[in-house]
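Descriptive analysis of the structure
The primary structure of each chain is shown beneath.
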Amino acid sequence: MFIGILYLFLTFVVCFILVHIIKLAYIGLLSVKKKPEKPAPAPKPEKPQPKPEPVYYIVEKKRAKKATYSEPKEIKFKK
């Protein structure tokens, strides 16, 4: 019984280490590869910028508060 648990633990540790070694080797390969340099793009002739269009804002007029209020209305419900 004990030997089975030991083998299970050792298998897990070996697989864990192998996976991480492979992962680190792959990351190392990617960092070693040099990316080809792109040639600098040729400068394009500049076009005159169009005149900016005017911006219009919608402004809401604030309403003044009422100075006096009417008497409260009584509401009656039917039974």
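Residues numbered from 1 in each chain as written. Predicted model: local features only at pLDDT ≥ 70, side-chain atom pairs only at ≥ 80, totals over all residues. Heavy atoms only, no water.

Comments concerning the overall build of the protein
Scanning the protein from N- to C-terminus turns up one helix and zero strands. For 79 residues, the compact-globule formula gives about 12 Å, and the C-alpha radius of gyration of the protein, at 39 Å, lies well above that figure. Taken over the C-alpha atoms alone, the protein extends approximately 90 × 75 × 25 Å along its principal axes. Of all 79 residues assigned to the protein, the portion counted as buried reaches 0%. Approximately 10,200 Å² of the protein is accessible, and the part contributed by carbon and sulfur atoms is 67%. The distance from the centre of the 17 positive side-chain charges to the centre of the 6 negative ones in the protein is 7 Å. (Helix = DSSP H or I, 4+ residues; strand = E, 2+ residues; numbered from the N terminus. Rg over C-alpha atoms; globule rule 2.2 N^0.38 Å. Buried < 20%, exposed > 50% of the residue type's maximum accessible area, 1.4 Å probe, protein only. Areas by Shrake-Rupley, 256 points an atom, 1.4 Å probe, with all protein chains shown as cover. Lys, Arg positive; Asp, Glu negative; His and termini not counted. Charge placed at Lys NZ, Arg CZ, Asp CG, Glu CD.)

So, the environment of Leu10
You can see Leu10 is positioned in helix α1 (residues 2-32). Expressed as a C-alpha distance, the spacing of Leu10 and Lys78, which sit 68 residues apart in the sequence, is 83 Å.

As for a nonpolar patch on the surface
A cluster of nonpolar side chains, Phe2, Ile3, Leu6, Tyr7, Phe9 and Leu10, forms an exposed patch at the surface whose accessible area comes to about 670 Å². Looking at the element boundaries, Ile3 is found in helix α1. By relative accessible area, Ile3 is classed as partly exposed at 48%. (Patch = residues over 30% accessible without salt bridge, like charges linked within 9 Å, V, L, I, M, F, W, Y side chains within 5 Å. Salt bridge = Lys/Arg side-chain N within 4 Å of Asp/Glu carboxyl O.)

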